[in-house]
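Chain by chain, the residues:
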Amino acid sequence: MAGGVTRNDRRRPAEVQGLESDRALLGRASTAERVAEILRDRITEGWFPPGTRLSEESIGGALGVSRNTLREAFRLLTHERLLEHRLNRGVFVRVVTVEDLDDIFRVRMIVECAAVRGLGQGPYDTGAAEAVEAIDAAVRAGEEAAAHRAWADLSTANLRFHQAVVALAGSPRTDELMRGVLAELRLVFHVMDDPRRFYAPYLVRNRQIADALLAGDAAEAERLLLAYLEDSRGQLSGAYAQRIKEA
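Predicted model only: the values in this text are computed from it and were never measured.

## Things to note about the pattern of salt bridges
Link 1 in the chain: Across all of its chains, the model carries 19 salt bridges by this definition.
Link 2 in the chain: Between E80 and R40 there is a salt bridge, with its nearest N and O atoms 2.8 Å apart. With E80 in the loop between α5 (67-79) and β2 (83-86) and R40 in helix α3 (residues 32-44), the pair connects residues that are 40 residues apart, well separated along the chain.
Link 3 in the chain: When its relative accessible area of 27% is taken as the criterion, E80 is described as partly exposed.
Link 4 in the chain: A salt bridge links D100 to R81; the nearest nitrogen and oxygen atoms lie 2.9 Å apart. Of this pair, D100 sits in helix α6 (residues 98-117) while R81 sits in the loop between α5 and β2; the two residues are 19 residues apart in sequence, bridging distant segments of the chain.
Link 5 in the chain: For R81, a relative accessible area of 37% gives the class partly exposed.
Link 6 in the chain: Because the salt bridges share partners, they merge into one network encompassing D136, R140, E143, R207 and D211.

## Observations concerning helix α9 (residues 172-192)
Link 1 in the chain: Over its 21 residues, α9 extends 30 Å from the first C-alpha to the last, a length consistent with the 30 Å expected when each residue adds 1.5 Å.
Link 2 in the chain: If you check which residues of α9 are buried, you get M178, V181, L182, A183, E184, L185, R186, L187, V188, F189, V191 and M192.
Link 3 in the chain: On the buried face of α9, the contacting elements are α3, β3 (90-93), α6, α8 (151-167), α10 (195-214) and α11 (218-246).
Link 4 in the chain: Backbone geometry just downstream of α9 places D193 in the positive-phi region, at approximately 55 degrees.

## Quick look at helix α4 (residues 56-63)
Link 1 in the chain: Listing the buried residues of α4 in full gives I59, G60, A62 and L63. Within α4, the buried residues cover an arc of 160 degrees as seen down the axis, which keeps them to one side.
Link 2 in the chain: Directly beyond the C-terminal end of α4, a positive phi value near 70 degrees is found at G64.

## Some words on the packing of aromatic side chains
Link 1 in the chain: Counting across every chain of the model gives 3 aromatic pairs.
Link 2 in the chain: Here the aromatic rings of F189 and Y199 are separated by 4.8 Å at their centres, their planes lie at 35 degrees, and the arrangement is tilted. Highlighted residues: F189 in helix α9 and Y199 in helix α10, separated in sequence by 10 residues. Exposure class is identical for F189 and Y199. Each is buried.
Link 3 in the chain: Both rings, one in Y202 and one in Y228, keep their centres 5.1 Å apart while their planes meet at 65 degrees; by these two values the pair is edge-to-face. Of this pair, Y202 sits in helix α10 while Y228 is found in helix α11, placing the two residues 26 residues apart along the sequence. You'll find Y202 and Y228 in the same group, each marked buried.
Link 4 in the chain: Sitting above the plane of the W47 ring, R42 keeps its charged end 4.0 Å from the centroid.
Link 5 in the chain: The ring centre of F92 lies 4.0 Å from the NZ or CZ of R86, which sits over that ring.

## Observations regarding the side chain of S232
Link 1 in the chain: Inspection of the secondary structure puts S232 in helix α11.
Link 2 in the chain: Excluding residues that lie within four positions of it along the chain, S232 makes contacts with F105 and Y202.

What counts as what
- Residues numbered from 1 in each chain as written.
- Predicted model: local features only at pLDDT ≥ 70, side-chain atom pairs only at ≥ 80, totals over all residues.
- Heavy atoms only, no water.
- Salt bridge = Lys/Arg side-chain N within 4 Å of Asp/Glu carboxyl O.
- Helix = DSSP H or I, 4+ residues; strand = E, 2+ residues; numbered from the N terminus.
- Buried < 20%, exposed > 50% of the residue type's maximum accessible area, 1.4 Å probe, protein only.
- Expected span 1.5 Å × (residues − 1).
- Contact = heavy atoms within 4.5 Å.
- Arc of directions from axis to C-beta.
- Phe/Tyr/Trp six-rings, centres within 6.5 Å; stacked < 30°, edge-to-face > 60°.
- Lys NZ or Arg CZ within 6 Å of the ring centre and 35° of its normal.

Structure, rendered in structure tokens:
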């Protein structure tokens, strides 16, 4: 993706200028973790697309942090598989492999389906009922975005839908795991750059899953979710493999 890196290099000034607005978020606690959080958000939002080289000087200057702090933030994001260090070349936003993508879906099937299965049959307790309401709210946000042809908003709503599904487990550790998995998945979608194609067809299926949960039928919701993830993996994996081959 040498050509892609060249295009990304030309975009860097605007990206760094955007980071300057985040500088105020650091306040007096300009820790590596906070810097990593800012960069994580920027990466998953597509400000730094896959293949982009991250300049220590430009980013450190925009955020007003030391080189050591920034390098520690890079190290944290490398551990999360969002960045990679290339010997004698610097730090780059990762380009996810097809094998990575298949593994991401394996994790999703395990975690998301288990979260739904753990509900059992309704009626649910207060905590579970609130989590189901969050799933329904994410679907409604997606439906509104689709109605307005706001495809980027649809992708965000879909992300929140899956985060809400995992939240059914009531486990902070599982929530953290899923945030990392979905952040890595966003790198794939930034390469595909066609949210309507990969999100709109699944909106109806999101609604079916939400309705099953609202009706207290977790078993049906799990069945629908597993089929959903299998179909999504098949569609995305094939298209992504072709896109990477072309690049």
